[in-house]
Amino acid sequence: MTDTEKKIMLRLCAKVMEYADFATDKEAEHLVNWVLLFNERKQNNNKIRRLMAVHKEVTSEKNGSIKAALERGKAICEKRDQLYEGQQKIKHKLWKLEKEI
């Protein structure tokens, strides 16, 4: 999703939130929540890709000690695993919302 698309989706959500009555219209609430969760999932995917790029650089590093490179790689993998766990929670929430929509 491009920056322009993100800005438009955010403005659309703001308008929906301004004019929708979430107390009576659950579909509007679910749609807004879906858009927000979908965007969060995309951002997490981008973070994971960047971490994996750094991990690839660290593991292919020939300079310095192998032990230090492994420790840096281990820290990156732990961060990636935390993001994956968050992704699973977001996917579950999205699935529930899609089922209700």
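This is a predicted model, so every value here is computed, not measured.

Asker: So what's going on with the overall build of the protein chain? Residues and values would help.
Answerer: Helix and strand counts for the protein chain stand at three helices and zero strands. In the protein chain, the succession of α and β elements from N to C terminus is α-α-α. Computed over C-alpha atoms, the radius of gyration of the protein chain comes to 19 Å, more than 25% over the 13 Å expected from 2.2 N^0.38 for 101 residues, which places it beyond the range of a compact globule. Across the 101 residues that make up the protein chain, the buried fraction comes to 21%. Intrachain contacts of the protein chain at a sequence separation of at least 6 include 65% that bridge at least 24 residues. Carbon and sulfur atoms provide 55% of the accessible area of the protein chain, an area that totals close to 7900 Å². Side chains of the protein chain carry 22 positive and 16 negative charges; the gap between the two charge centres is 6 Å.

Asker: Lay out the environment of Leu70 in plain terms, naming residues and giving numbers.
Answerer: Along the chain, the position of Leu70 falls in helix α3 (residues 66–100). Placed 15 residues apart in sequence, Leu70 and His55 show a C-alpha to C-alpha distance of 9.6 Å.

Asker: An account of the side chain of Gln87 is needed here, citing residue identities and associated values.
Answerer: Relative to the helices and strands, Gln87 resides in helix α3. Filtering out sequence-adjacent residues up to four positions away, Gln87 remains in contact with Glu40, Arg41, Asn44, Asn45 and Ile48.

Asker: Break down the nonpolar core for me, citing the residues and quoting the values.
Answerer: Ranked by size, the top nonpolar core spans six residues in total: Ile48, Leu51, Val58, Ala69, Ile76 and Leu83. Elements with a contribution of two residues or more to this core: α2 (26–59) and α3. When residues no more than four places from it in sequence are discounted, the contact partners of Ile76 are Leu51, Val54, His55 and Val58.

Asker: Residue-level account of the pattern of salt bridges, with values.
Answerer: A complete count under the given rule lists two salt bridges for this structure. Glu29 is the salt-bridge partner of Lys26, the closest N and O atoms lying 3.2 Å from each other. Of the two residues, Lys26 and Glu29 are both situated in helix α2; the distance of three residues between them amounts to about one turn of the helix. By relative accessible area, Lys26 is classed as partly exposed at 45%. One salt bridge in this structure joins Arg80 and Asp81, with 3.1 Å as the shortest N-O distance. Of the residues examined, Arg80 reaches a relative accessible area of 18% and is grouped as buried.

Asker: Which residues make up the side chain of His30, and what are the values?
Answerer: Within the secondary structure, His30 is located in helix α2. Contacts of His30, omitting those with residues within four sequence positions, involve Leu97, Glu100 and Ile101.

Asker: Describe the environment of Thr2, with residues and values.
Answerer: Looking at where Thr2 falls in the secondary structure, it is placed in the segment before α1 (3–19). The exposure class of Thr2 is partly exposed, given its relative accessible area of 44%. For the pair Thr2 and Ile48, spaced 46 residues apart in sequence, the C-alpha separation works out to 18 Å.

Conventions we followed
Residue positions are given per chain, counting from 1 as you read along its sequence in written order. With the structure being a predicted model, the display of local features is reserved for residues of pLDDT at least 70 and the display and counting of side-chain atom pairs for 80 or more, all residues being used for whole-chain, interface and lining totals. The side-chain numbers reported here are obtained from all heavy atoms of the structure, hydrogens and water having been left aside. What counts as a helix is a DSSP run of H or I of at least four residues, what counts as a strand is a run of E of at least two, and both are numbered from the N terminus. This radius of gyration counts C-alpha atoms alone. The globule rule is 2.2 Å times how many residues there are, raised to the power 0.38. Note on exposure labels: buried denotes an accessible area under 20% of the residue type's maximum, exposed denotes more than 50%, and partly exposed covers the range between, all computed with a 1.4 Å probe on protein chains only. Here, residues are in contact when the closest pair of their heavy atoms is within 4.5 Å. All accessible areas in this document rest on Shrake-Rupley with a 1.4 Å probe, and a residue is counted as covered only by the protein chains that are shown. Counting rule for charge: Lys and Arg are taken as positive, Asp and Glu as negative, and neither His nor the chain ends is counted. Taken as the charge centre is NZ of Lys, CZ of Arg, CG of Asp or CD of Glu, depending on the residue. We call a set of buried residues a nonpolar core when its members are Ala, Val, Leu, Ile, Met, Phe, Trp, Tyr or Cys and they connect through side-chain atoms within 4.5 Å of each other. Here, a salt bridge means any Lys or Arg side-chain nitrogen found within 4 Å of an Asp or Glu carboxyl oxygen.

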